Amino acid sequence: MSIGGAARVLCAQMVLVTVHAFTITVPSSRSLLLPSRWEKASSRWTLSMGFAQNNHADAQPQQQLSEEDQLFLERFKRRRNDAALKVESEKLKRPPSNSTYFQDPKNVITSVLDGLLAAHDPIPLFGYEILYQSSTKHWQDVLRKSVGAPEGTETELIYRALSKSMERGGHNQFGILVGLGTDHHNVVASDSSSEIHFNGYYTIEFPWDTLDYYDGTAWLECRLRDRLSDELLCVLGWSLEKSSDGSWLIDGIDWQDFREKYRPGVGREEWERICG
């Protein structure tokens, strides 16, 4: 005998099972094979389409949620929805975006760097998602290979691997991007005619205007300075490319380190080796 063309009868003794408003007869003295969407829980059968109850004499009636549990569930749903709305709202404020604000590559780079400094706010790995999604396919491949992830790896696993790589302790040249290896107490502003953006760990300086090649690509230099001493720490050259919807995307990063232990030729790493 079959149920919905899927269940197979393996024994002879029969028992009565009621599913919603109709009655079916199935064997139950031994095992019964059901479709994968059927799950057995104690003396009840749960279907994806509804609820089926085994009519054994010792079957327990379905329990109703208490008023307290119902209130807790409602609060949980509200918090979950509020969190989801907050994340979506944050995504609208971050690149990639073709909004007027992000037509200035300086705002794109600043937002990406800020996201890495608070990489797990408002949800875990959020900053790495912003970095990855704000990159061209070419730079996404570089990021993926830098953590040893094969092609076709789920993006969330790549975010996790980037997090492990960039947040590792010890000798970590790129830890500065996630707030490691720099003193972040007492912000001190320096007087400069260049555009400077202050955050909790270093200052981001854009000494020159964006070099727009007017072919859908551009180049931009930014400098990371110690926010206390104003010492030059790193110079980053960002290669940018416009996507089909007009968003600026990262296509490459040139990294020059001026910190003593990472000065050119000594202790340097490349993006392809940040996991090592």
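Values in this document were obtained by computation on a predicted structure and should not be read as measured data. (Residues numbered from 1 in each chain as written. Predicted model: local features only at pLDDT ≥ 70, side-chain atom pairs only at ≥ 80, totals over all residues. Heavy atoms only, no water.)

What follows deals with the overall build of the protein chain. Across its full length, the protein chain carries five helices and eleven strands. Counting the 276 residues in the protein chain, one finds 38% classified as buried. Excluding contacts between residues fewer than 6 apart, the proportion of contacts in the protein chain whose partners are at least 24 apart in sequence is 46%. Of the roughly 16100 Å² that the protein chain leaves accessible, carbon and sulfur atoms contribute 51%. (Helix = DSSP H or I, 4+ residues; strand = E, 2+ residues; numbered from the N terminus. Buried < 20%, exposed > 50% of the residue type's maximum accessible area, 1.4 Å probe, protein only. Contact = heavy atoms within 4.5 Å. Areas by Shrake-Rupley, 256 points an atom, 1.4 Å probe, with all protein chains shown as cover.)

Moving on: the environment of Thr100. With respect to the element layout, Thr100 can be found in the loop between helix 1 (67-92) and helix 2 (105-117). Along the primary structure Thr100 and Ser247 are separated by 147 residues, whereas in three dimensions their C-alpha atoms are 9.8 Å apart.

The buried count for helix 4 (residues 137-146) comes to seven of ten residues, which makes it a mostly enclosed element. The set of residues buried in helix 4 consists of Trp139, Gln140, Asp141, Val142, Leu143, Arg144 and Ser146. Among the structural elements, helix 3 (126-133), helix 5 (155-166) and strand 11 (248-257) are those in contact with the buried residues of helix 4. Immediately downstream of helix 4, the backbone of Gly148 shows phi near 70°, a positive value.

For the rest of this paragraph, the subject is a nonpolar patch on the surface. On the surface, a cluster of nonpolar side chains totalling about 370 Å² of accessible area is made up of Leu65, Phe72, Leu73 and Phe76. For Leu73, the location among the structural elements is in helix 1. Residue class for Leu73 comes out partly exposed when judged on its relative accessible area of 33%. (Patch = residues over 30% accessible without salt bridge, like charges linked within 9 Å, V, L, I, M, F, W, Y side chains within 5 Å. Salt bridge = Lys/Arg side-chain N within 4 Å of Asp/Glu carboxyl O.)

A residue-level look at the protein chain finds 65% of positions with pLDDT of 70 or above and a mean pLDDT of 74. A low-confidence stretch, residues 1-57 stays under pLDDT 50, and its non-local contacts, those more than four residues away or across chains, total 82 contacts. Across residues 270-276 the pLDDT falls below 50, and counting only partners more than four positions away or on other chains, this stretch makes 24 contacts in the model. (pLDDT = per-residue confidence, 0-100.)

It is the contact of helix 3 with helix 5, at a shortest axis distance of 9 Å, that shows an interaxial angle of 110°. By the angle between their axes, helix 3 is roughly perpendicular relative to helix 5. Relative to helix 5, the crossing made by helix 3 is right-handed. Across the interface between the two elements, Tyr128, Glu129, Tyr132 and Gln133 from helix 3 touch Thr155, Ile158, Tyr159, Leu162, Ser163 and Met166 from helix 5. Its residues placed into classes, the contact of helix 3 with helix 5 shows six nonpolar, three polar and one charged. (Axes fitted to C-alpha atoms, helices over the stretch in contact; angles between N-to-C directions. Parallel < 35°, antiparallel > 145°, perpendicular 65-115°, else oblique. Left-handed = near helix turned anticlockwise from the far one by under 90°. Nonpolar A, V, L, I, M, F, W, Y, C, P; charged D, E, K, R; others polar.)

Turning our attention to the nonpolar core. Membership of the largest hydrophobic core comes to 44 residues, with the highest contact counts inside it found for Leu113, Tyr128, Leu177, Leu224 and Trp238. When contributions to this core are tallied by element, the ones reaching two or more residues are helix 2, helix 3, helix 4, helix 5, strand 7 (202-206), strand 9 (217-226), strand 10 (232-242) and strand 11. By residue number, the principal contributor to this core is helix 2, which donates six residues. Those residues within four positions of Leu224 in sequence are excluded, and the remaining contacts are Leu113, Ile176, Leu177, Tyr202, Thr203, Ile204, Glu231, Leu232, Leu233, Cys234 and Leu236. (Core = buried A, V, L, I, M, F, W, Y, C linked by side-chain atoms within 4.5 Å.)

In this section: the packing of aromatic side chains. Under the criterion given, the structure shown has three aromatic pairs. Aromatic pair Phe174 and Trp255: ring centres 4.6 Å apart, planes at 70°, arrangement edge-to-face. Of this pair, Phe174 sits in the loop between helix 5 and strand 6 (195-198) while Trp255 sits in strand 11, and the two are 81 residues apart along the sequence. The same class applies to Phe174 and to Trp255, which are both buried. (Phe/Tyr/Trp six-rings, centres within 6.5 Å; stacked < 30°, edge-to-face > 60°.)

In this section: the pattern of salt bridges. Tallying each qualifying case throughout the model produces seven salt bridges. The residue Arg225 makes a salt bridge to Glu205 at a minimum N-O spacing of 2.5 Å. Within this pair, whereas Arg225 is found in strand 9, its partner Glu205 is found in strand 7, the two being separated by 20 residues in sequence. In this structure, Arg225 and Glu205 share a single accessibility class: buried. What you see here is one network of salt bridges that share partners, running through Lys137, Asp141 and Arg144.

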